[in-house]
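Spelled out, the chains give:
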Amino acid sequence: MNDASWTAERLVRAFAAATNLVIAGQRIHVTGAGELAGALRSLLRALGAVSSGSDRADYVFLTADGASPSAAEADELPFRDGAIVVDASDDGAFTIALGARGLAALATRPPSQRYRLADGRGLDVLRLDPAALRLDPVTARLDSTRRRAEALEPGSDAAARDADLRLDWARRFMPASSRVAASLAAEGVLRGRRFGVSMVLEPKTAVLSLLLAGAGAQVSLYAHSDETDDAVADALRARGFAVHAGSGADADGQLANARAYLAEGHEFLLDDGSHLIRLAAHDGVELLGAAEETTSGLRPLHAMGDALRIPVLAVNDARVKTRFDNRYGTGQSCVFAIADLLDQLGRGFADARVAVVGFGPVGVGVAQHASALGAVVTVCELDPVRALEARYAGYDTAPLEDTVGTADVVVSATGEPQTITAAHLRAAGPGTAFAVAGGVLDEIALDDAQSRGARLESRAWKVDAVLWPGVEHGDRAGDDAAAASASGSAASSVSGDSPALVLDRGGCINITAAEGNPVQIMDLSFAAQLTAAGMLARGDVRGPGVHPLPPSADEAIAAGMLGADDGPKSPELAETESEAEPESEPTAPGSRLSPSSRPAWHPTRFPKA
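Calculation criteria
- Residues numbered from 1 in each chain as written.
- Predicted model: local features only at pLDDT ≥ 70, side-chain atom pairs only at ≥ 80, totals over all residues.
- Heavy atoms only, no water.
- Pairing = 2+ DSSP bridges.
- Helix = DSSP H or I, 4+ residues; strand = E, 2+ residues; numbered from the N terminus.
- Buried < 20%, exposed > 50% of the residue type's maximum accessible area, 1.4 Å probe, protein only.
- Right-handed = clockwise from strand over helix to strand, strands pointing away.
- Contact = heavy atoms within 4.5 Å.
- Expected span 1.5 Å × (residues − 1).

Chemist: An account of the pairing of strand 6 (residues 113-116) is requested, with residue identities and associated values reported.
Modeler: By the bridge criterion, 4 bridges tie strand 6 to strand 7 (residues 122-127) in an arrangement that is antiparallel. Directly across from Arg114, in strand 7, lies its bridge partner Asp124.

As structure tokens, then:
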């Protein structure tokens, strides 16, 4: 990878880290005709961006060799209202010129700056110095990432202000959810209904909760400790929400939080992973219904059989969720998070050999984004139809056992426990980095590896080496890393007898090492969640078991995003929608199952339940 391409990749990743916005599907304009501008255009197109004129673009990238708009009068700037302008020039002339004009600077998510132009347009400006990213990409990006917010003193005024700005920013890019919530508020169907939200607690989930409350629902929240942004939790508490979450909670504390949350007497749960739905069933806490956000959460619900005594809407299976959240949201955020962590070691995806394990919707997105960053992707998939699909998508296919010894990066995208076994970790080539996209507990079998004598040793922020007894290990993150980083070398292959690496101890990498899926992607998923909330409150779905959202829900959300009040209905989907679900009366909330009828299984997040 040449210097311009490497700088372009770092600029795009820094933009995504600073904004938590998606690249795919967005209108983008790049100024200039030099190497950096060309590399930016190529990368952005590979990531799914749509080329546009500067007057229509959602994001505008200004490069050093472009025609600078800094000399123009403020009311002649060729950008639409709400555009985000990335000043990627070497001298920051545009940013300096805006400040010199004395335009009103408005409160917005750091490090971007928002200006109100003379004609009323709003403009967000993000200064990213390409020279700094070339020389020291890790330090240059710190102020633009989650790590900046984490550095603020917990409970301080600065942390509270930062959280408020991040919530405001997320809400600005969630028009689909806002439209559905406004419709529910006008209908009044949620008024006084009791909803529990148990999801990753970060700005986008906070906005979902605010929209539910704004539509009249009574809302409280739960989150696992490793999925809790404490500043966001505090921001919701300050707004009057009951929040049962804290990043410092141990296993006992999480279970206590979950049970206190369930004791509030919810009628409905909006869940992520079905841990709270299953805990409620295990403890005998009755609900009227629930909605589930993820594939890994639906699997155990389908397996519950008669133990699932409530209707659950499969939000995960909605087309506006699966076709966007998994492919474009999880794909971008996971690959970018992995690249950010590898950047600390002077490594990248360019020309790296990447094994993607699983070619479901998440695996498709991971492979697509890794390939866009220059990786050579091999797909490891047991399902022969999906493996054939991967081959037709242009990827090599091979068993994981045949790939792990030569891969530079292995990404598990199955959502199945112990996809990466202790044997895989032991057989890995020197410096192979393992990560989980999406994910469930123990998707990388670290507990088993440690029981066999392996130990973890920190190499960088959220990067650990796996050290096996009786094996001499070199230090992959040692002397060569700084030189590779400074030179812009991807350093995709590793020499020496170095240990394998595990990123963020096998956690869901885009959540635990970044800020989760981009805002616009979660907007589509949460629009489906809000639609499900309305259906549950109306009693549109009855009878225990897992139920789909009707295709009309997807179509209404998508039509709204395309600017149409009502899009055309596909004949084959209309026929599917007409199939009625069997109806039965829901169980009243508040009662408890007798001990003899409790299911024998345990929710995976709460082994001590």
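Chemist: Give a detailed account of the environment of Ala559, specifying residues and quantitative values.
Modeler: Its place among the elements puts Ala559 in helix 23 (residues 551-561). Taking the C-alpha atoms as reference points, Ala559 and Ala176, 383 residues apart in sequence, are found 9.8 Å from one another.

Chemist: How would you summarise the pairing of strand 11 (residues 268-271) if you had to cite specific residues and measurements?
Modeler: A two-sided burial pattern is seen for strand 11, the buried positions comprising Phe268 and Leu270 on one face and Leu269 and Asp271 on the other. Judged from the 4 bridges that link them, strand 8 (residues 194-198) and strand 11 form a sheet pairing that is parallel. When the sheet's bridge partners are listed, Gly196 is paired in strand 11 with Leu269. The handedness of the strand 11 to strand 12 (residues 289-292) crossover, carried by helix 12 (residues 275-283), is right-handed.

Chemist: Give a description of the side chain of Gln254 that names residues and reports values.
Modeler: As for its placement among the helices and strands, Gln254 is situated in helix 11 (residues 251-262). Dropping the residues within four chain positions of it, Gln254 is found in contact with Tyr222, His224, Ser225, Ala249, Arg605 and Phe606.

Chemist: Residues and numbers for helix 22 (residues 519-538), please.
Modeler: Compared with the 28 Å implied by 1.5 Å per residue over 20 residues, the 28 Å span of helix 22 between its first and last C-alpha is a close match. Counting buried positions along helix 22 gives 19 out of 20 residues, so the element sits mostly inside the fold. Following helix 22 by one or two positions, Gly539 adopts a phi angle in the positive range, close to 80°.

Chemist: Explain unusual backbone geometry to me, using residue names and the numbers behind them.
Modeler: The omega torsion of the bond from Pro110 to Pro111 falls at 5°, within 30 degrees of zero and hence cis. Its location among the elements puts Pro111 in the loop between strand 5 (104-106) and strand 6. The phi dihedral of Ser274 is positive, around 60°, even though this residue is not glycine. The residue Ser274 is located in the loop between strand 11 and helix 12 in this model. Its identity is not glycine, yet Arg505 carries a phi of approximately 50°, on the positive side. Secondary-structure assignment places Arg505 in the loop between strand 21 (500-503) and helix 21 (509-512).

Treat this as a map of the structure, not an account of what it does.
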